[in-house]
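Observations on the three-dimensional arrangement
Next come the chains, spelled out residue by residue.
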There are 6 protein chains.
Amino acid sequence: MLLENLSYVEVEAYLVEKDIILIPIGSVEQHSPYGLIGTDFITAEAIAREVGRRMDILVAPTITYGMSQHHSAFKGTVTLSPVTLINLVKDIINSLLNQGFRRIIFINGHGGNINAVKTAFEQLKYENKPGIYEIISWFLLPEIQEMERDIFEDKNGFHATPSEVSVTKFLRPEAFETKPKEKKKIEKPDGYFPLSGEEFKKLYPDGRMESAPWLAKEKYGKLIMEEAVRIIIERVKEIAKKKLF
Amino acid sequence: MLLENLSYVEVEAYLVEKDIILIPIGSVEQHSPYGLIGTDFITAEAIAREVGRRMDILVAPTITYGMSQHHSAFKGTVTLSPVTLINLVKDIINSLLNQGFRRIIFINGHGGNINAVKTAFEQLKYENKPGIYEIISWFLLPEIQEMERDIFEDKNGFHATPSEVSVTKFLRPEAFETKPKEKKKIEKPDGYFPLSGEEFKKLYPDGRMESAPWLAKEKYGKLIMEEAVRIIIERVKEIAKKKLF
Amino acid sequence: MLLENLSYVEVEAYLVEKDIILIPIGSVEQHSPYGLIGTDFITAEAIAREVGRRMDILVAPTITYGMSQHHSAFKGTVTLSPVTLINLVKDIINSLLNQGFRRIIFINGHGGNINAVKTAFEQLKYENKPGIYEIISWFLLPEIQEMERDIFEDKNGFHATPSEVSVTKFLRPEAFETKPKEKKKIEKPDGYFPLSGEEFKKLYPDGRMESAPWLAKEKYGKLIMEEAVRIIIERVKEIAKKKLF
Amino acid sequence: MLLENLSYVEVEAYLVEKDIILIPIGSVEQHSPYGLIGTDFITAEAIAREVGRRMDILVAPTITYGMSQHHSAFKGTVTLSPVTLINLVKDIINSLLNQGFRRIIFINGHGGNINAVKTAFEQLKYENKPGIYEIISWFLLPEIQEMERDIFEDKNGFHATPSEVSVTKFLRPEAFETKPKEKKKIEKPDGYFPLSGEEFKKLYPDGRMESAPWLAKEKYGKLIMEEAVRIIIERVKEIAKKKLF
Amino acid sequence: MLLENLSYVEVEAYLVEKDIILIPIGSVEQHSPYGLIGTDFITAEAIAREVGRRMDILVAPTITYGMSQHHSAFKGTVTLSPVTLINLVKDIINSLLNQGFRRIIFINGHGGNINAVKTAFEQLKYENKPGIYEIISWFLLPEIQEMERDIFEDKNGFHATPSEVSVTKFLRPEAFETKPKEKKKIEKPDGYFPLSGEEFKKLYPDGRMESAPWLAKEKYGKLIMEEAVRIIIERVKEIAKKKLF
Amino acid sequence: MLLENLSYVEVEAYLVEKDIILIPIGSVEQHSPYGLIGTDFITAEAIAREVGRRMDILVAPTITYGMSQHHSAFKGTVTLSPVTLINLVKDIINSLLNQGFRRIIFINGHGGNINAVKTAFEQLKYENKPGIYEIISWFLLPEIQEMERDIFEDKNGFHATPSEVSVTKFLRPEAFETKPKEKKKIEKPDGYFPLSGEEFKKLYPDGRMESAPWLAKEKYGKLIMEEAVRIIIERVKEIAKKKLF
């Protein structure tokens with residue numbers, strides 16, 4: 001059930017029964033020479049839509065651009081400032097609250113979005129807005145992280161991970177025809193966070209963070225995505241049952 | 001050439017030869033009981049991608065949410081505030097300028113975005129940023145408006161037009177299975193702009209603005225989209241040739 | 001009827017009968033060596049006051065400073081940022097709405113103000129404010145543009161036009177004693193908009209945009225101003241009759 | 001020497017010799033039933049222009065709207081928010097600094113502007129901007145306050161004072177034909193500052209603050225204005241001589 | 001070594017050798033009838049100062065007010081908005097960076113501050129600022145949480161915990177003379193986060209979150225604080241050794 | 001009565017009887033080689049707490065950081081931007097108003113805070129907030145300035161004054177063991193205000209402004225503080241008696 005394909009009359013009917021909506025959010029940022037710039041929103045969108053399909057709940061259009069300042073020294077990265085992202089999220093939630101939605105769940109594909117999105121939630125509560133706001137980052141789910149360790153052992157790393165690359169490979173295999181396949185060394189530099197774009201590039205010169213994206217396979221992607229969908233459905237069910245204050 | 005499917009290495013190669021990029025921008029807003037909430041970004045995205053495909057130039061991920069405050073009294077509309085949209089556009093352009101892009105063209109599907117996007121352009125120039133920034137609203141192209149008059153005569157109206165509904169029908173025919181088909185009366189109330197959400201709904205109770213969306217047909221959508229693509233290619237070619245100051 | 005010359009008691013009496021007010025808005029920016037830095041607010045103010053006088057409606061004090069970033073490389077230009085202009089216009093309208101005004105019409109003398117002023121209108125409607133907000137740019141009225149073609153043929157151009165210079169010459173002849181009279185060449189460079197201050201100066205080195213301000217004459221100014229007043233009165237009458245939502 | 005009547009070529013010539021400019025700033029606010037809504041900018045403008053004329057220094061267009069929130073419950077008052085005024089002043093000074101001006105003096109007619117204008121000065125210095133920024137409030141000059149005590153004894157009060165009303169009567173006698181002449185009681189309530197619009201009106205129901213505006217006379221206005229001009233010239237001379245850091 | 005007790009000459013000497021500084025940050029918010037409104041900054045300040053004393057590193061003045069919107073329905077809570085806290089933290093870090101500090105560590109006593117402080121860090125990096133910025137929340141250290149489980153078993157809860165109350169009891173025993181001692185029931189309602197002030201109060205009517213603050217003892221406070229100091233010293237040592245990018 | 005040592009239950013009891021609260025505000029800025037970086041908040045805090053103690057009124061936690069941009073070229077100075085300080089003060093007052101406080105008095109130790117704090121008051125009143133907001137700068141009290149002239153004659157100056165240094169010496173004698181004692185020359189340069197950090201340092205190379213901080217003595221500090229407390233108590237009593245509008 002994609003919001004974008006409905007008319008307002010259909011949304012009215014939906015809101016009679018449900019007050020929940022999923023919003024995919026990702027980023028437009030480098031994922032090493034091996035991965036797609038759209039990785040984070042492509043994965044979040046696919047997972048959110050599959051959850052929505054199975055649960056018969058509404059999925060809003062994807063927020064494609066996120067907070068990716070640390071990747072900004074690599075070509076093709078497009079980042080919002082944290083403050084812009086806060087306001088974007090606030091405006092979207094405010095509209096949905098005005099429509100009658102009360103359980104607003106961001107399905108997130110990118111770690112850099114988390115602080116800003118949560119700050120937006122807090123700013124809305126500071127302004128006394130009702131409702132449950134949640135951000136579920138699929139790649140941080142303990143079950144996913146366990147699966148990643150099972151498949152990729154200590155080579156999943158933290159960015160351009162074989163896990164997320166596998167999911168995009170499953171979703172868009174044709175986009176990988178032009179990507180490299182050779183292995184590289186995995187460095188584990190002693191860094192800190194956050195980093196500016198230039199600092200990040202010094203520390204991680206090809207954009208990977210301790211990861212082996214060449215290990216990505218479509219079949220892993222299918223498995224990982226299925227597991228993410230399964231777990232998120234459980235979480236969403238819990239949220240759907242909560243009493244509102 | 002979708003930015004989202006590239007790696008930063010591929011963007012580096014692109015930037016050696018070209019400095020132009022298209023960014024589709026739409027809205028998430030009611031389009032009467034006949035049209036899709038995603039109409040504006042669905043059309044802008046499809047047109048921009050076809051232009052990009054034929055011209056071999058890069059298309060950035062779609063900005064799905066736009067400035068739709070006047071539709072906010074209808075369920076399913078999600079609007080950014082004008083000021084948020086200004087900052088969103090500014091941040092995106094700033095990132096692209098830092099990457100080396102210099103000709104940044106928004107392919108726009110929604111009239112409500114125009115003032116804010118242009119104000120963002122001006123704010124960037126106030127901050128002495130280089131480059132050409134352009135917004136091309138496909139539905140305002142004179143050639144498109146002429147074609148609309150030819151096909152729909154005086155029934156195209158200004159919102160939920162049979163023209164834009166035709167394009168989405170061509171692109172997503174399955175989404176129209178649940179939409180109504182009967183004709184309604186076309187009212188031409190004496191209003192003013194801009195209007196708040198509540199004011200708009202009083203003036204246009206079912207969300208249409210003097211339009212007959214039931215006239216939409218896939219074959220018209222194909223024609224209109226093809227014409228929009230053809231004209232925009234001409235415009236983009238002109239921009240690609242301009243000397244930068 | 002100038003607001004500045006009334007007491008609040010007189011404004012109370014006015015508001016019993018009318019809810020309309022005119023606000024002149026201009027800019028402080030170079031108008032080539034031939035024209036006055038104050039051209040845009042001087043013309044807007046004179047036209048608005050004459051409209052107000054003939055229609056017996058209130059004229060607020062002039063907003064002298066506007067958005068002129070593209071002229072900022074020429075001495076004497078003073079520009080607001082677009083965002084400041086948005087907030088200025090919002091605050092002024094908010095005050096007038098609180099007083100009971102409902103039809104608020106900006107009589108504008110400068111193209112650079114338009115996007116920001118309209119964005120301010122939209123931001124107010126986003127905040128659910130009542131009323132009709134309009135911006136009438138006298139130099140963009142079709143009737144004025146036709147008159148300009150009749151008088152100046154293809155030499156009116158887009159900035160420091162003989163049309164606006166004629167109006168200021170009619171209003172302040174003494175200010176032209178120190179201005180040059182010789183003709184220059186009219187260049188028509190292939191540019192783009194918006195431009196930063198430095199970019200603009202490279203493209204238009206003496207501040208004219210394809211115009212021949214030396215053709216300005218007091219008698220033309222009188223004619224043009226009279227026509228602008230006449231047309232704007234018609235527009236204002238229409239606005240005064242509109243039903244409020 | 002009014003900036004508005006010059007061309008940029010004339011400003012270039014001025015800047016070769018001088019780096020000083022005066023900017024009149026006032027407000028659009030009630031001044032009791034006896035005084036003009038434009039009192040504060042009318043007086044500031046007239047004084048600044050006379051200073052400029054005698055000293056042969058440049059006077060910028062008047063900032064007509066100021067910070068008048070405490071008068072907002074009276075019809076005709078139009079107020080900027082303090083934050084908007086800060087940004088307005090910052091933008092204007094930034095433009096003038098870019099042009100080469102270094103001594104920027106606001107000639108102020110309204111007490112409510114002072115904190116915001118000074119905060120703008122501080123924000124600019126926080127941003128490491130060069131130059132001397134000064135605000136001279138003519139009605140707070142000790143010499144003027146002494147003259148007010150001489151003429152009006154304890155009846156000058158703090159708003160809609162016979163002093164400022166006299167100056168406007170001198171400048172615009174015709175505007176007083178419709179104003180009342182009868183005396184009222186002078187109340188001295190025990191209040192506090194700042195006050196909101198509604199609080200102010202409760203404390204000062206006809207808009208006067210302990211003043212007797214009916215005592216205003218053109219001849220006093222002439223005297224007071226002359227004295228203000230004289231003193232401000234002395235101050236401006238001192239500023240013109242200061243060494244810049 | 002308290003920054004507040006030094007002169008700039010002494011700070012110059014410090015900066016020759018070190019570039020690290022600790023900044024305690026807390027909140028002013030209710031901590032149930034059993035705990036102190038200042039709990040979070042009192043504990044953060046005491047811990048930071050002890051760390052600074054033992055390590056001979058500088059401690060800046062305490063940021064007493066934090067982001068406590070969820071406690072705002074209880075008297076005495078004073079909260080910043082998240083956006084204000086972001087700007088406060090940004091300004092403080094910017095000043096310290098300009099002075100030459102490069103390792104800036106917030107010692108935090110309040111969970112509500114974390115998202116905003118981290119967003120401030122990210123905004124600074126978005127603006128390409130150098131340095132390591134860290135927030136260490138003493139109550140979230142795994143070693144502290146283990147100690148809490150050892151001492152208070154499942155009764156520590158999430159707010160007004162016996163752990164933090166013990167530390168304040170150790171630091172300010174006299175403040176507890178007027179506080180109650182009786183036990184209450186521990187509720188574990190099924191809530192969500194974030195909550196507005198009113199929502200929080202409905203869920204947690206006396207301000208505790210699943211905690212038994214009556215279990216607090218000075219001797220536990222001494223133990224917990226000592227452990228926090230010990231662990232934070234280790235963390236700070238690691239940060240002090242990191243290579244800057 | 002320190003807010004930080006109370007529980008919300010105790011604040012509820014207080015608010016039944018009183019609606020007044022004191023908030024100390026200072027700065028973190030150089031005070032020459034002779035004085036403490038914390039001078040302004042240390043003095044404000046001590047004075048406010050003594051006033052609170054004697055009057056049995058509540059004292060909120062100290063706002064340690066203030067607006068000190070002009071001192072920013074000296075190591076150890078940490079400054080908020082004026083705009084951040086405005087928002088900080090607004091948020092704090094808004095919280096206190098929501099709690100039922102109506103007389104909110106800032107006890108100020110730093111001149112640089114005054115414009116921003118007053119602008120915050122005005123912005124709140126622009127937003128129609130109730131209550132009395134006051135800032136009392138102890139060092140600007142006429143009685144204190146007279147005492148300073150009596151003790152230090154013409155050597156008190158304007159920054160790092162022997163008066164404020166005496167008060168800190170009285171409060172924290174141990175902090176002065178490492179400070180110099182020798183006399184320096186007192187310069188009276190012809191400057192202007194405000195100044196940027198670099199400009200200030202050029203004008204006042206060791207951070208003093210026409211002052212002789214070596215004259216500071218504990219006994220003077222005791223006297224001055226006692227007088228400040230005495231006078232402020234009188235002022236606070238007046239405020240406590242005022243009728244609210």
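Each remark here, short or long, concerns the structure printed above.
This section reports on the structure supplied with the text. (Residues numbered from 1 in each chain as written. Chains lettered and ligands numbered in written order. Predicted model: local features only at pLDDT ≥ 70, side-chain atom pairs only at ≥ 80, totals over all residues. Heavy atoms only, no water.)

**A few points about the packing of aromatic side chains**
Summed over the entire model, instances satisfying the criterion amount to 60 aromatic pairs over all chains. Centre to centre, the rings of Trp-138 of chain D and Phe-139 of chain D are 6.1 Å apart; their planes meet at 85°, and the pair counts as edge-to-face. Through pairs of rings, three or more aromatic residues link up here, namely Tyr-8 of chain A together with Phe-74, Phe-200 and Tyr-204 of chain B. The residue whose ring lies beneath Lys-201 of chain E is Phe-74 of chain E, and the NZ or CZ to ring-centre distance is 5.1 Å. (Phe/Tyr/Trp six-rings, centres within 6.5 Å; stacked < 30°, edge-to-face > 60°. Lys NZ or Arg CZ within 6 Å of the ring centre and 35° of its normal.)

**Looking at the sheet that holds strand β1 (residues 20-25) of chain A**
Residue and element names in this part refer to chain A. Reading across from one edge, β2-β1-β3-β4 is the order of the 4 strands in this open sheet, with parallel pairing throughout. Single-partner strands in this sheet number two, and they are β2 (58-59) and β4 (132-137). Bridge count for β1 against β2 is 2 bridges, and the pairing is parallel. Paired with Leu-22 across the two strands is Val-59, which belongs to β2. (Pairing = 2+ DSSP bridges. Helix = DSSP H or I, 4+ residues; strand = E, 2+ residues; numbered from the N terminus.)

**Some details on the packing of helix α2 (residues 39-55) of chain F against helix α8 (residues 218-241) of chain F**
Residues and elements named next belong to chain F. One way to put it is that α2 packs onto α8 with a least axis distance of 9 Å and a crossing angle of 55°. On the basis of their axis angle, the class for α2 and α8 is oblique. Where α2 crosses over α8, the handedness of that crossing is right-handed. On α8, the residues touching Ala-46, Ile-47, Glu-50, Val-51, Arg-54 and Met-55 of α2 are Met-225, Glu-226, Ala-228, Val-229, Ile-232, Ile-233, Val-236 and Lys-237. Residues that form the contact of α2 with α8 fall into these classes: 10 nonpolar, no polar and 4 charged. (Axes fitted to C-alpha atoms, helices over the stretch in contact; angles between N-to-C directions. Parallel < 35°, antiparallel > 145°, perpendicular 65-115°, else oblique. Left-handed = near helix turned anticlockwise from the far one by under 90°. Contact = heavy atoms within 4.5 Å. Nonpolar A, V, L, I, M, F, W, Y, C, P; charged D, E, K, R; others polar.)

**Observations regarding the interface of chain A and chain B**
Quite often, the size of an interface is put as the accessible area lost when its parts meet. With 52 residues of chain A at the interface, the matching set in chain B holds 52 residues. Summed over both partners, the interface of chain A with chain B buries about 4100 Å², with 58% contributed by carbon and sulfur atoms. Among the residues of chain A in contact with chain B, Tyr-8, Lys-75 and Gln-99 of chain A are the three that bury the most area, contributing 19% of the side total. The tally of links between chain A and chain B comes to 4 salt bridges. Notably, a salt bridge pairs Glu-10 of chain B with Lys-179 of chain A, separated by 2.9 Å at the nearest N-O pair. One can count 38 residue pairs in polar contact (both at pLDDT 80 or more) joining chain A with chain B. Elements with a contribution of two residues or more to the side of chain A that touches chain B: α1 (8-17), α2 (39-55) and α3 (82-99) of chain A. (Buried area = accessible area lost by both parts, 1.4 Å probe. Salt bridge = Lys/Arg side-chain N within 4 Å of Asp/Glu carboxyl O. Polar contact = N/O pair within 3.5 Å; in protein donor to acceptor, adjacent residues only side chain to side chain.)

These results come straight from atomic positions and should not be treated as a statement about function.
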